Number of protein chains: 2
Amino acid sequence: MAQKPSIPKGTRDFSPVEMLRRKYIFSTIEKVFQKYGFLPLETPAMENLETLTGKYGEEGDRLIFKILNSGDWKAGLNDEDVSEEIREQIESIVLEDLKDSKEKVVEFSEELVRTVRAATNKYYRTRDIAEKALRYDLTVPFARYVVQHQNEIAFPFKRYQIQPVWRADRPQKGRYREFYQCDADVIGSRSLISEVELVQLFDDVFTALGLQVVVKINDRKVLSGIAEVSGQPEKVVDIVTAIDKLDKIGREKVEEEMRTKGVSDEAIKGIAPLFELKGTWSEQRPLLEKWLASSVTAQQGLKDLSFTFDAVGSMKSAILEFDPTLARGLDYYTGAIFEVKAAEGTMPGSICGGGRYDDLTGIFGLKNMSGVGISFGADRIYDVLLETNKFPAELGGSTKLLFANFGEAEAMHCLKLLRQVREAGIAAELYPDQVKMAKQFKYADDKGIAYVAIIGENELKQGIVTVKDMKTGEQKAIKQDELIHEIQ
Amino acid sequence: MAQKPSIPKGTRDFSPVEMLRRKYIFSTIEKVFQKYGFLPLETPAMENLETLTGKYGEEGDRLIFKILNSGDWKAGLNDEDVSEEIREQIESIVLEDLKDSKEKVVEFSEELVRTVRAATNKYYRTRDIAEKALRYDLTVPFARYVVQHQNEIAFPFKRYQIQPVWRADRPQKGRYREFYQCDADVIGSRSLISEVELVQLFDDVFTALGLQVVVKINDRKVLSGIAEVSGQPEKVVDIVTAIDKLDKIGREKVEEEMRTKGVSDEAIKGIAPLFELKGTWSEQRPLLEKWLASSVTAQQGLKDLSFTFDAVGSMKSAILEFDPTLARGLDYYTGAIFEVKAAEGTMPGSICGGGRYDDLTGIFGLKNMSGVGISFGADRIYDVLLETNKFPAELGGSTKLLFANFGEAEAMHCLKLLRQVREAGIAAELYPDQVKMAKQFKYADDKGIAYVAIIGENELKQGIVTVKDMKTGEQKAIKQDELIHEIQ
């Protein structure tokens, strides 16, 4: 009874080629994380359902994958409640209506079945049969970890975490039900030095990946200030949510949306200077200071931004840009807001995001823990690097040399050479079976192996090896003890 | 409404220190895998439930974590079946018994409630509300992958896979509900060269980890031969299962178990030479050849073992040992069987296992795919390295230098030096806040940072830096441009 194998929709297998590329991205990011003093953390895939629910809004709650209780999951189904409801209905129906006729009994049966079904739907609750769920992001488990281990942690706590998350989203192009998140956070300090370092970290990562990027920065306090000076500070969420869409829908639609949300024409007029802002941070700063002069909050935001711009200094390949319309997850961020976009390729969306939050751990009872974090979108970075042809030709981890197999005597000899090659740190293998050379070459080709070492009867006798460069097709015979030098 | 945070029983958080140690183990193994031509593969955490069920025996099926269908999971509950059963019962009961009395109605209601409950338990099936499950091991997903992608794969396929698996086992000391497996397999070749390479690979990994190990090897064909010459070949499973326990329960109990399972006294006598075997492979081999002379299967097994022993040659730190009682997962392995035990520390169980299987992919319809694979027990290796104090003093990835924070002017200056230090590849950080030195030193200590660089007002003026070695407590003042050299 062979099954035709498949995987759940929205999930992916990663083939060796894809894995080597993904590992290249993750290890590049990870090395920079570590160079900046971030240390790794891993939390379990499963969290208690109550740890996750209520943290991502109503829509988010629906998208959490729940794990059926192991053992007798039915034990959690609340039969008592169902029974009670049915009993009451039976008694009321039977006592009032039931006559001793077959027709009445059938009618009664049908009504009862409807009652059972309704009671089932009413009383069988997810939380009765599922107490665990798959993590939905890395942020809530991180907050849970910090609170749970607050007495063991050396604050400020700099951690990175690279693990998959799961969301029961409708699968579609570029949206998966399982995907990796790649986060770094500093928690337990309000110092802007962290913001400065995170901008430099973006620069280091994308310099290492060879990708030109723009790091956009804003400050939530500037956004609050804009709402203040517009005269409708209470509308800050609606104003900012609309402004955030400027990129996609243009000024007219942004103003229309504000109007729909009850922002007055006067307030909309008050926001107008935002759309006129142009140029570098040093050009925009005096204009903003003047425009937002009456907002203490905004002034603090501008001061913080200035600190960051000044302290970051020159960058290697990234460009730091102020974007007063950037708002990402407004409910969440309280200070700096970051977004990174590729300056090459056609990826429209951001490839990284982040910002400062003042109350991440409050949901678990630990107040006043300010933090700032960033997140790398691995799948999007993968797509950009592939599109712009930026993956290195030789990815770390791929095999460099294949010894062809010409039979037992030759293979035994190759095993010895193979060992020397590996000792020299070169990834190499011996084709395990004696099959046609064409098949062995095809294997090397399919696996992207750079060189094939051929030791047939002749080579064995003469102590030589014929090395074939799989890219150029060139072959040359060399002494066996020159092999390592030749392919290094 | 703060919740006291916790994680599901049997799961673990891995703190930064634990993570650095785990990463050291995994990256050591991974580098060797790659040096041997194995390439990485990842499969999704969720598989279709039908991919997993029936692959691990009845007990295994129970231990698979199922994922509740997303969206309306109740839609899968088969109310129709429940309704039908209830309807039939109502009709039979009502028509036969029900009189127009209140007492009868109550009695009927109660019976009906029992019926509802029974029907619920009978008809509400796991498969109706859960179509996906968490992977239970890496082997079945690997087999699924090979069959699904057979036309894209270059065989023999050498892949490694390092991912967590989940089992709804009763949590207890050393047994977790989420743990990493770390597997390497060659599939699509019968060549014994793979066995040879896997033994060398064990040697390379444990040499790199600095741990003395014994690699035990046996061959399923030798075990079959023993059952053959005992005169009860049909009892091979019972005989081998008993023999496998020799280590733990001793010869007497092994023979007792065989007797209970219906192995005749004569057969048990026939097996006796096994318990007398001693010495090295070259000492045991002639004895085995004589004893098992009548079994063609056993002779092939001995020949294969000889090939492996000869071709492996000398090893760097592992010892290869023949163990005729080794049987690990008998139903599964068809040729070589491997097990690795630590020769240091007190870990009683094996830290690696593996063997050759002839029909891994048959369950998914792809026949005749012979393969051989090994698996590293990361948690046990972790425990052994910790117990025997084999983790390197300086684990890759940890921070080496902390710049103390003496206020804004000093911090701004440190940011520039910090950048140079990082450019030199040294993991370093600047304490983000200006707090008491004691607190900053404690932070460095807690995080295992080797050096603290102190630049106060004085140092700033003089262009020097005081470097404190956190291990010895020594401090010395040096020129700032000597800092990198000093701590490298």
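Here we look at the overall build of chain A
Secondary structure summary: chain A contains 20 helices and 16 strands in total. Over its C-alpha trace chain A gives a radius of gyration of 31 Å, far above what one expects of a compact globule, namely 23 Å for 488 residues. Buried residues in chain A amount to 59% of all 488 residues. Considering only contacts within chain A whose residues lie at least 6 apart along the sequence, 69% involve residues at least 24 apart. As presented, chain A carries roughly 21,200 Å² of accessible surface, and 48% of it is formed by carbon and sulfur atoms.

Regarding the relation of the copies chain B and chain A
Copy one and copy two of the chain differ by a rotation about an axis and a translation along that axis. By a simple turn and slide, chain B fits onto chain A: the slide is 0.0 Å along the axis, the RMSD is 0.2 Å, and the turn is 180 degrees. This pairing of chains is accounted for by a two-fold axis. Considering only C-alpha atoms, the residue of chain B closest to the rotation axis is B:Ile67, which sits at 2.2 Å. Comparing interface residues between copies, 99% of those in chain B also lie at the interface in chain A; the contact surface is shared.

Focus on the interface of chain B and chain A
Often, the extent of an interface is quoted as the loss of accessible area upon association of its parts. Counting from both sides, the interface comprises 131 residues of chain B and, opposite them, 130 residues of chain A. In this assembly, chain B packs against chain A so that about 11,100 Å² is buried in total across both faces, 60% of it on carbon and sulfur atoms. Run the count over chain B and chain A and you get 10 salt bridges. With a closest N to O distance of 2.5 Å, B:Lys23 and A:Glu30 form a salt bridge. Here chain B is connected to chain A by 38 residue pairs in polar contact (both at pLDDT 80 or more). A total of 12 residues in the side of chain B that touches chain A trace back to one element, the largest contributor, which is helix α5 (residues 102-123) of chain B. Grouping the constituent residues of the side of chain B that touches chain A by class yields 65 nonpolar, 28 polar and 38 charged.

Looking at the sheet that holds strand β16 (residues 475-479) of chain B
All names here are of chain B. If you walk across this open sheet you meet the five strands as β13-β12-β14-β15-β16, and the pairing is mixed. Two strands close off the open sheet at either side, each with one partner strand: β13 (428-430) and β16. Across the sheet, the mean angle separating the axes of adjacent strands is 25 degrees when strand polarity is ignored. Strand direction decides the pairing type here: strand β14 (residues 451-454) and strand β15 (residues 464-469), joined by four bridges, are antiparallel. Directly across from Ala-453, in β15, lies its bridge partner Val-467. Across the sheet, helix α17 (residues 408-423) is in contact with β12 (401-403) and β13; its angle to β13 comes to roughly 170 degrees.

As for the packing of helix α17 (residues 408-423) of chain A against helix α15 (residues 296-312) of chain B
It is the contact of α17(A) with α15(B), at a shortest axis distance of 10 Å, that shows an interaxial angle of 45 degrees. When the interaxial angle is binned, α17(A) and α15(B) end up oblique. Counted together, A:Glu408, A:Met412, A:Leu415 and A:Arg419 of α17(A) and B:Phe307, B:Ala311 and B:Val312 of α15(B) form the full contact between these two elements. Its residues assigned to classes, the contact of α17(A) with α15(B) comprises five nonpolar, no polar and two charged.

Remarks on the packing of helix α9 (residues 220-229) of chain A against helix α10 (residues 236-243) of chain A
Two quantities define a packed helix pair, namely the angle between the axes and the distance from one axis to the other. Residue and element names in this part refer to chain A. At a minimum axis separation of 9 Å, α9 and α10 run at an interaxial angle of 115 degrees. Of the possible angle classes, the one that applies to α9 and α10 is roughly perpendicular. Seen from above, α9 lies across α10 with right-handed handedness. When α9 is examined against α10, the residues Arg-220, Leu-223, Ser-224, Ile-226 and Ala-227 are found in contact with a partner set consisting of Val-236, Ile-239, Val-240 and Ile-243. Among the residues forming the contact of α9 with α10, the class breakdown is seven nonpolar, one polar and one charged.

Quick look at the domain arrangement of chain A
Partitioning chain A into domains gives domain 1 (16-51 + 135-387), domain 2 (70-129) and domain 3 (401-487). Just the C-alpha atoms count here: the centres of domain 1 of chain A and domain 2 of chain A sit 52 Å apart.

Quick look at the pairing of β15(B)
Residue and element names in this part refer to chain B. A large share of β15 lies buried, amounting to six of its six residues. Both faces of β15 are covered, namely the face carrying Ile-464, Thr-466 and Lys-468 and the face carrying Val-465, Val-467 and Asp-469. The pairing of β15 with β16 spans five bridges and is classified as antiparallel. Bridge assignment links Ile-464 to a residue of β16, and that residue is Lys-479. Taking the residues between adjacent antiparallel strands as the criterion, β15 and β16 are bridged by five residues, where Gly-473 takes a positive phi near 85 degrees.

Overview of helix α10 (residues 236-243) of chain B
Residues and elements named next belong to chain B. Considered for burial, the residues of α10 that qualify are Val-236, Ile-239, Val-240, Ala-242 and Ile-243. All buried residues of α10 project into a common sector of 160 degrees when viewed along the axis, lining one side. Residues of α10 that are buried make contact with α9 (220-230), α11 (246-260), α12 (265-271) and α13 (273-276).

Some thoughts on the side chain of B:Ser194
Note on placement: B:Ser194 falls in helix α8 (residues 193-209). Residues contacting B:Ser194, with those up to four places away along its chain left out, are A:Pro432, B:Val186, B:Arg356 and B:Val372.

Topic: the pattern of salt bridges
The final tally for this structure, using the stated rule, is 66 salt bridges over all chains. When the shortest N-O distance is used, the salt bridge between B:Lys158 and A:Glu429 registers 3.5 Å. A residue pair is termed interchain when its members come from two chains, as with B:Lys158 in strand β5 (residues 157-166) and A:Glu429 in strand β13 (residues 428-430). This pair shows no difference in class: B:Lys158 is buried, exactly as A:Glu429 is. Each member of the salt-bridge network shares a partner with another, and the members are A:Lys158, A:Glu197, B:Arg422, B:Glu429 and B:Lys447.

Regarding the packing of aromatic side chains
Inspection of every chain in the model, using the stated rule, returns 34 aromatic pairs over all chains. Where A:Tyr145 meets A:Phe157, the ring centres are 6.2 Å apart and the plane angle is 25 degrees; that geometry is what we call stacked. Placement of the pair is A:Tyr145 in helix α7 (residues 139-148) and A:Phe157 in strand β5 (residues 157-166), with a sequence separation of 12 residues. Among the aromatic residues, those joined into a ring-pair cluster are A:Phe33, A:Phe38, A:Tyr160, A:Phe202, A:Phe206, A:Phe338 and A:Phe376. The positively charged end of A:Lys468 is found above the aromatic ring belonging to A:Phe441, 4.2 Å away from the centroid. Directly above the ring of A:Tyr36 sits B:Arg422, whose terminal nitrogen or CZ lies 3.7 Å from the centroid.

Brief notes about the sheet that holds strand β10 (residues 352-357) of chain A
Residues and elements named next belong to chain A. The sheet built from eight strands is open, its strands ordered β1-β5-β6-β11-β10-β9-β7-β8 with mixed pairing. Because the sheet does not close on itself, it has two edges, and the strands there are β1 (39-40) and β8 (319-322). For β5 and strand β6 (residues 178-187), the ladder comprises 10 bridges, and the chain directions are antiparallel. Bridge pairing in β6 places Phe-157 opposite Ile-187. Running over the sheet, helix α8 (residues 193-209) touches β5, β6, β7 (213-219), β8, β9 (336-342), β10 and β11 (371-376) and is turned about 15 degrees from β11.

Description of the pairing of β14(B)
Residues and elements named next belong to chain B. On β14, burial covers both faces: Tyr-451 and Ala-453 on one face and Val-452 and Ile-454 on the other are all buried. Strand direction decides the pairing type here: β12 and β14, joined by three bridges, are parallel. Of the residues in β14, the one forming a bridge with Leu-402 is Val-452.

Examining the side chain of A:Thr28
Residue and element names in this part refer to chain A. Note on placement: Thr-28 falls in helix α1 (residues 16-35). Note on Thr-28: relative accessible area 10%, which makes it buried. If near-sequence neighbours (up to four positions away) are discounted, Thr-28 is found in contact with Val-205, Ala-208 and Leu-209.

Focus on the environment of A:Ala293
Residue and element names in this part refer to chain A. Relative to the helices and strands, Ala-293 is located in the loop between α14 (281-291) and α15 (296-312). Sequence separation of Ala-293 and Leu-366 is 73 residues, and the distance between their C-alpha atoms is 35 Å. Contact partners of Ala-293, with chain neighbours within four places excluded, come to Leu-288 and Gln-299.

What to know about unusual backbone geometry
Residues and elements named next belong to chain A. Put simply, Phe-155 and Pro-156 share a cis peptide bond, and its omega is -5 degrees. When you line up the elements, Pro-156 lands in the loop between α7 and β5. Unlike most non-glycine residues, Asn-368 shows phi in positive territory, near 60 degrees. Relative to the helices and strands, Asn-368 resides in the loop between β10 and β11.

Conventions used here
- Residues numbered from 1 in each chain as written.
- Chains lettered and ligands numbered in written order.
- Predicted model: local features only at pLDDT ≥ 70, side-chain atom pairs only at ≥ 80, totals over all residues.
- Heavy atoms only, no water.
- Helix = DSSP H or I, 4+ residues; strand = E, 2+ residues; numbered from the N terminus.
- Rg over C-alpha atoms; globule rule 2.2 N^0.38 Å.
- Buried < 20%, exposed > 50% of the residue type's maximum accessible area, 1.4 Å probe, protein only.
- Contact = heavy atoms within 4.5 Å.
- Areas by Shrake-Rupley, 256 points an atom, 1.4 Å probe, with all protein chains shown as cover.
- Least-squares fit on C-alpha atoms with pLDDT ≥ 70 in both.
- Buried area = accessible area lost by both parts, 1.4 Å probe.
- Salt bridge = Lys/Arg side-chain N within 4 Å of Asp/Glu carboxyl O.
- Polar contact = N/O pair within 3.5 Å; in protein donor to acceptor, adjacent residues only side chain to side chain.
- Nonpolar A, V, L, I, M, F, W, Y, C, P; charged D, E, K, R; others polar.
- Pairing = 2+ DSSP bridges.
- Axes fitted to C-alpha atoms, helices over the stretch in contact; angles between N-to-C directions.
- Parallel < 35°, antiparallel > 145°, perpendicular 65-115°, else oblique.
- Left-handed = near helix turned anticlockwise from the far one by under 90°.
- Domains from an automatic or database assignment.
- Arc of directions from axis to C-beta.
- Phe/Tyr/Trp six-rings, centres within 6.5 Å; stacked < 30°, edge-to-face > 60°.
- Lys NZ or Arg CZ within 6 Å of the ring centre and 35° of its normal.

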